[in-house]
Amino acid sequence: VTYNSAQHYPLAVSASDGRRVKLTYEDNSVLHSDYSGSVTLLDWREYLHLPGQHVLALRALGGRGSEHPRSFRLGGAASEPAAPPLNLATEALFNQRRFSLRGYPQGLIDLRGDRVELFSAEWRFPIHRFERGFMSPPVGVHQLHGNVFVNAGEAWYGVGAPKESLRRG
C-alpha cells in the first residue's frame, strides 16, 4: 500500500510539501527459496515547506521479519533523489533490504538483521540557481543546493528492542 501526497515543484530542491507512506508485506512461503517467513516494512517520509524554498525532510522506517528472511542492511551514503521518479510504477515495492545510514560503510556485520529502525531529518536549501547551458556540447548547470542532516538507525536479530542505543550518523 502506497500513499503519496508529496509535491515536487520545478524550482524546488526536492519534494517540498506532503508525505509518502509505504507499507509493504511480503511472504516468502509462497515460493520455495533460500528465505522463509514474512517481512513487514513501513517507510514514512514527511516534507515540510520552509520559507525561501527550503525544505525539512523527515523519515521514519521500521521493518520486521519472521522465521528466516533475507537480512536488512544499513550503511552507505546514498540519499533519495532530488527529483521524483519519472514513473512511480518503476519504483521497487518489494524485496527492499538495503537502506542508507550515512556515516557508516556498507556491509558491516553489526548493521544487519531481521529487524531494522531508521530515523532521519534533513534541512535542504538552495545555494545558487545558475540555469546556464551550452547547445554544443549539451551541458548545463541548473541549481546548486545543499543539505544538513542527522540520521540514526539500527539493525538486529531477534525479538524486542535493539541490543544497543541507535547508531547515529
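If you're wondering where the values come from, they're calculated on a predicted model, not measured in any experiment.

Participant: Describe in detail the overall build of the protein, supporting the description with residues and values.
Facilitator: A count of helices and strands for the protein gives zero helices and 10 strands. The secondary structure elements of the protein, listed N-terminal to C-terminal, are β-β-β-β-β-β-β-β-β-β. Out of the 169 residues belonging to the protein, those deemed buried represent 33%. In the protein, of all internal contacts separated by at least 6 residues, the share reaching a separation of at least 24 is 62%. Just so you have it, the protein exposes about 10400 Å², and 61% of that area is on carbon and sulfur atoms.

Participant: For the pattern of salt bridges, give the residues involved together with the corresponding values.
Facilitator: All chains considered together, the criterion is met by seven salt bridges. Arg-19 is the salt-bridge partner of Glu-46, the closest N and O atoms lying 2.7 Å from each other. Of this pair, Glu-46 sits in strand E3 (residues 38–50) while Arg-19 sits in strand E2 (residues 18–27), and the two are 27 residues apart along the sequence. Judged by its relative accessible area of 29%, Arg-19 falls in the partly exposed class. The residue Glu-122 makes a salt bridge to Arg-102 at a minimum N-O spacing of 3.1 Å. Placement of Glu-122 in strand E8 (residues 115–134) and of Arg-102 in the loop between strand E6 (98–99) and strand E7 (112–113) is noted, with a sequence separation of 20 residues between them. Exposure class is identical for Glu-122 and Arg-102. Each is buried. Each of Asp-43, Arg-45 and Arg-59 takes part in one network of salt bridges that share partners.

Participant: So what about the packing of aromatic side chains? Which residues, and what values?
Facilitator: Tallied over the full model, the rule gives two aromatic pairs. Aromatic side chains Phe-72 and Phe-99 sit 6.5 Å apart centroid to centroid with 35° between the ring planes, which places their arrangement in the tilted category. Of this pair, Phe-72 sits in strand E5 (residues 72–74) while Phe-99 sits in strand E6, and the two are 27 residues apart along the sequence. Ring centres 4.6 Å apart and planes at 40° place the aromatic pair Trp-123 and Phe-125 in the tilted group. We note Arg-102 situated over the ring of Phe-149; from NZ or CZ to the ring centre the distance is 3.8 Å.

Participant: Pulling in residues and values, what's your account of the sheet that holds E7?
Facilitator: With mixed pairing, the three strands of this open sheet are ordered in space as E6-E5-E7. Each having just a single partner strand, E6 and E7 make up the two edges of the open sheet. In this structure, E5 lies alongside E7, joined through two bridges in antiparallel fashion. Bridging across to E7, Arg-73 finds its partner in Arg-112.

Participant: Please set out the environment of Val-55 residue by residue, giving values where relevant.
Facilitator: Inspection of the secondary structure puts Val-55 in strand E4 (residues 54–65). We classify Val-55 as buried; its relative accessible area is 1%. As for Val-55 and Ser-16, which are separated by 39 residues in sequence, their C-alpha atoms are 5.6 Å apart.

Participant: If you had to explain the nonpolar core to someone new, which residues and values would you point to?
Facilitator: Ranked by size, the top nonpolar core spans 11 residues in total: Val-39, Leu-41, Leu-61, Phe-72, Leu-74, Phe-99, Leu-101, Leu-111, Val-116, Leu-118 and Ala-155. Secondary-structure elements contributing two or more residues to this core are E3, E5 and E8. Residues within four places of Phe-99 in sequence aside, it is in contact with Leu-41, Arg-59, Leu-61, Phe-72, Arg-73, Leu-74, Gly-75 and Leu-118.

Participant: Help me get a handle on a nonpolar patch on the surface, residues and values and all.
Facilitator: A cluster of nonpolar side chains, Val-1, Leu-23, Leu-42 and Trp-44, forms an exposed patch at the surface whose accessible area comes to about 400 Å². Relative to the assigned elements, Val-1 resides in the segment before strand E1 (2–4).

Analysis parameters
Residue indices follow the written sequence of each chain, beginning from 1 at its first position. Predicted model: local features are reported for residues with pLDDT of at least 70 only, side-chain atom pairs are reported and counted for 80 or more only, and whole-chain, interface and lining totals are derived from all residues. Note: side-chain values were computed over all heavy atoms of the structure, leaving out hydrogens and water. Working definition: helices are DSSP H or I runs of at least four residues, strands are E runs of at least two. Numbering for both runs from the N terminus. For the exposure calls, accessible area comes from a 1.4 Å probe over protein chains only, and a residue counts as buried if that area is under 20% of its type's maximum, exposed if over 50%, partly exposed in between. Every residue pair with non-hydrogen atoms within 4.5 Å of one another is taken to be in contact. Throughout, the Shrake-Rupley method with a 1.4 Å probe supplies accessible areas, and for residues the shown protein chains are the sole cover considered. Every case where a carboxyl oxygen of Asp or Glu lies within 4 Å of a side-chain nitrogen of Lys or Arg is listed as a salt bridge. When two rings of Phe, Tyr or Trp (its six-membered ring) have centres within 6.5 Å they constitute a pair, described as stacked for plane angles under 30 degrees, edge-to-face for angles over 60, and tilted for the intermediate range. Consider the ring centre and the ring normal. A charge sits over the ring if Lys NZ or Arg CZ is within 6 Å of that centre and within 35 degrees of that normal. What makes two strands pair is DSSP finding at least two bridges between them. Each nonpolar core is a collection of buried residues, namely Ala, Val, Leu, Ile, Met, Phe, Trp, Tyr and Cys, held together in the definition by side-chain atoms within 4.5 Å. Each patch is built from residues that are more than 30% exposed by relative accessible area and take part in no salt bridge. Like charges join if they lie within 9 Å; nonpolar side chains (Val, Leu, Ile, Met, Phe, Trp, Tyr) join within 5 Å.

Treat this as a map of the structure, not an account of what it does.
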